[in-house]
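Observations on the model geometry
Residues per chain, in single letters:
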Amino acid sequence: MVVAMLDRWGGFVHRHRLAVLGLSAVLLALSVLGLLRGGQFRDPGPGIVEAGQAAKLLDELPKTGGSSFSLMLGSATLRATDPAFRSAALDALSRLRGDPRVAGVDTPFDAGVPPATAAAMTSKDGHSVVAQVRLRDDSSLTRGYYPELRAEVASPVLRVQAAGGVAVGWAFDHYLAQDLSRAEVVSLPLSLILLLLVFGAVVAALLPVGVGALTITGAVAGVLLLTHATDVSQYALNIVTLVGLGVSIDYSLFIVSRFREELETSGDVEPALRRTLATAGRAVVFSGLTVAIGLSGMLFYRGTFLASMGMAGAIAVSLAVLYGLTFLPALLALLGRRVNRFRLPFGERAGSLHLWRRLAHAVMRRPVRVLVPTVGFILLALSPFLHIRLANGDITQLPPAAEVRQGNETLVRGFPGQDQNSIQVVVDFPSRPLSAEHVGELYDLSRRLARLPGALRVQSVVDSDPGLDRAAYQRLLGGPASALPPALAAAVRQNVGPHVFLLQVLTAAGQQSDAARRLVADIRADRAVGDGRLSVTGQTAFDIDFIAYLVAHTPAAMAYIIGVTMVVLFLLLGSVLLPLKAVVMNLLSLSASFGALVWIFQDGHLSRALGFTAAPIDPSIPVLLFCIVFGLSMDYEVMLLSRMREEYRRTGDNRAAVAGGLERSGRLISGAAAIMVAVFAAFGLADVVLIKAIGLGMALAVAIDATVV
């Protein structure tokens, strides 16, 4: 049925090729309009896990309004106590203080700053200070004009570095945009070179690149328009280019190659085009379905940035299939035999076809001898995955040369208390937190938290004055606010809301350490605080909760992707065993790439060559790779098995069908895989480690699938 429909569609496109090209032009114009009307990227709120819900509760507190970043001002010779240092620092910050977008700039030199606060804002060696810049707008707006604010701060005397909050957000946006531009600049010319090698003709090689450009333009426009309806992560643009460019060039490669082959056989354009869409077009439709199924698996992670990336990828794949079945066939109908114009002195040779046939027969004669070392290689590549460690990416995802990363390292290394991990405990009461009863319960909770293994101390309103006991805190905090001592009043303003009370448990254990995770678990094990609801947030809690969320939802996502893919392959191939074989082969490819990622990015091999800092694997990377690569790797299974099925229906001989299918498809699949690997590897040049890891992981998976597997 699908074959007949696509055959008729080929005839329709041939007869109405100019109209189809006109509609493609209209779609391109709409895409350009979508680029101009796009909205703003923003990550989904964190409310799906406890740590996110607790962070949301902190919006009640006055100190969480607006956004901020930090500036470190230092000198190798002057000390912060020197008048020249103070004068230079205040001069450097003067323009920033007068900017209407800035709510305030806090420094240790300000009048009325308590000595303890000034000491905390001065480096351990006494040669640097930190200034906190408070902004009037939230981070989604301030990231847009942060470079202007940063440019207002300069000093001929002091070294200035930025860190924290808005500066980190802007840095990620900046480097992601750079990564996207660099990948496009590298991958498109490289793809064209490989296409010239595959086709040996300039016109034929240009067609897939044109389809890729249309696909990316439309997909980016679609994603920008999607931002008006839902939260979309900035990472979605990288996924659009990564997936869209790869599949659009691959699908076009298969269609153009089959058209040239059918043109040589039939000698007439219309029959060749009809036959092309009935065969290669059918494989493209089913291949696009398998990729879309994999991407739709990310919708199981609703409320995270993964869902928007799945939708973005699905848009790109849909447009790749659409243009591959409309714009490209219409161009082929218009070009006819001119598709072979400007031939080059290389290209497909008869000898290469016989090579693939001989390879197929050699493998079929000794299948066990091939399978054993192949499986052994996969298991060896998989082995590092057995000691994978997951943790959400932090500022080390940025390149070492990034100012904000260097500033963060200066802050953590040089300033007192900045190397400590803060675990935030939020208690939400149904009524006023500072009633005498609640204050007593919070006092008891604070002392229990301070006794937990790994806890250094607790910072909160009921810990602000060591000279006060439980009864004194109840008496003072339960009375009028005007009667509070200044230090206690300041602590209340910062840490108490209409229903929320904040306690911070400080620990020397690193954010991603097992000790910090055990401390979070211990805090959550004792939630007794009267009628209040205790929850925990902070980076360590986010790590625990997000990993648990992904682990809980992944089995259903995997079952959906594998199950629906097998149904689609059954409809394509009419076999139960072949879809099962294809799924097993795909899982082998993915397993090997997962192990390679751990070996490279967690264990740190190649870190110097690739320019990154070894760290635990971001938990979203395995999910992204599985959902994207599972469908992409199926491309070659679909193309190869479809051609083998054609040969089997023609000859009725299984061995001849395998050899004939590989003979006709082997060189083409190798070329297509090389192009996809080139596109993905271009993202391996990214500065942001998450994009680098996804690009290299996908390149490895496709390379292993198209060669070893």
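Heads up: these notes are all about the structure in this document.

Calculation notes
Residues numbered from 1 in each chain as written. Predicted model: local features only at pLDDT ≥ 70, side-chain atom pairs only at ≥ 80, totals over all residues. Heavy atoms only, no water. Helix = DSSP H or I, 4+ residues; strand = E, 2+ residues; numbered from the N terminus. Buried < 20%, exposed > 50% of the residue type's maximum accessible area, 1.4 Å probe, protein only. Contact = heavy atoms within 4.5 Å. Areas by Shrake-Rupley, 256 points an atom, 1.4 Å probe, with all protein chains shown as cover. Lys, Arg positive; Asp, Glu negative; His and termini not counted. Charge placed at Lys NZ, Arg CZ, Asp CG, Glu CD. Pairing = 2+ DSSP bridges. Axes fitted to C-alpha atoms, helices over the stretch in contact; angles between N-to-C directions. Expected span 1.5 Å × (residues − 1). Patch = residues over 30% accessible without salt bridge, like charges linked within 9 Å, V, L, I, M, F, W, Y side chains within 5 Å. Salt bridge = Lys/Arg side-chain N within 4 Å of Asp/Glu carboxyl O. Arc of directions from axis to C-beta.

1. Things to note about the overall build of the protein chain
Helix and strand content of the protein chain: 25 helices and 8 strands. The principal-axis extents of the C-alpha atoms in the protein chain amount to approximately 95 × 50 × 45 Å. Across the 709 residues in the protein chain, those meeting the buried criterion constitute 53%. If you take every contact in the protein chain between residues at least 6 apart in sequence, the share linking residues at least 24 apart comes to 81%. Of the roughly 29400 Å² that the protein chain leaves accessible, carbon and sulfur atoms contribute 63%. Treating the 61 positive side-chain charges of the protein chain as one cloud and the 53 negative ones as another, the clouds have centres 8 Å apart.

2. Some remarks on the sheet that holds strand β6 (residues 455-459)
Spatial ordering of the open sheet is given by β6-β7-β5-β8, a layout of 4 strands whose pairing is antiparallel. Whereas interior strands pair on both sides, the edge strands pair on one side only; in this sheet they are β6 and β8 (533-537). Within this sheet the neighbouring strands show an average axis-to-axis angle of 25 degrees, counted without direction. Here β6 runs beside strand β7 (residues 500-507); their pairing, made up of 4 bridges, is antiparallel. Directly across from glutamine 459, in β7, lies its bridge partner glutamine 504. Helix α3 (residues 50-57) rests against β5 (421-428), β7 and β8 of the sheet, and its axis sits at about 105 degrees to β8. On the sheet, helix α19 (residues 514-525) packs against β5, β6, β7 and β8 and is oriented at approximately 15 degrees with respect to β5.

3. Regarding helix α9 (residues 235-266)
With 32 residues, α9 extends 46 Å from end C-alpha to end C-alpha; this agrees with the ideal 46 Å at 1.5 Å per step. By the criterion of burial, α9 is predominantly enclosed, with 28 of the 32 residues buried. Just downstream of α9 lies glycine 267, where phi reads positive at about 80 degrees.

4. A look at a nonpolar patch on the surface
Taken together, the side chains of Val185, Val186, Leu190, Ile193, Leu197 and Leu685 define a hydrophobic patch exposed on the protein surface, amounting to about 500 Å² of accessible area. Inspection of the secondary structure assignment puts leucine 190 in helix α7 (residues 165-199).

5. Some remarks on the sheet that holds strand β4 (residues 159-163)
Taken in spatial order, the 4 strands of this open sheet run β2-β3-β1-β4, and their pairing is antiparallel. The sheet terminates laterally at β2 (102-106) and β4, the two strands that pair on one side only. Across the sheet, the axes of successive neighbouring strands diverge by a mean angle of 20 degrees, strand direction being ignored. Pairing of strand β1 (residues 67-74) with strand β3 (residues 128-135) involves 8 bridges; the strand directions are antiparallel. The residue bridging glycine 74 from the neighbouring strand is serine 128, located in β3. Contacts from helix α4 (residues 83-97) reach β1, β2 and β3, with the element oriented near 150 degrees to β1.

6. Description of the pairing of β1
Looking along a regular strand, one sees side chains alternate from face to face of the sheet. Taken across its 8 residues, β1 has 7 buried, putting it largely inside the fold. The pairing of β1 with β4 spans 5 bridges and is classified as antiparallel. Counted as the bridge partner of methionine 72 is glutamine 161 from β4.

7. Notes on unusual backbone geometry
One non-glycine residue, phenylalanine 342, lies in positive phi territory at about 60 degrees. Topologically, phenylalanine 342 is positioned in the loop between α12 (327-335) and α13 (350-365). Taking the relative accessible area as the measure of exposure, phenylalanine 342 reaches 53% and is therefore exposed. Here the phi dihedral of leucine 606 falls at roughly 70 degrees; this positive angle occurs in a residue that is not glycine. Inspection of the secondary structure assignment puts leucine 606 in the loop between α21 (577-602) and α22 (607-610).

8. Looking at helix α17 (residues 470-477)
Taken together, the buried positions of α17 are occupied by Ala472, Tyr473 and Leu477. For α17, the buried positions fall inside an angular range of 110 degrees around the axis, keeping them on one side. If you follow the buried residues of α17, they end up packed against α16 (436-450) and α18 (486-495).

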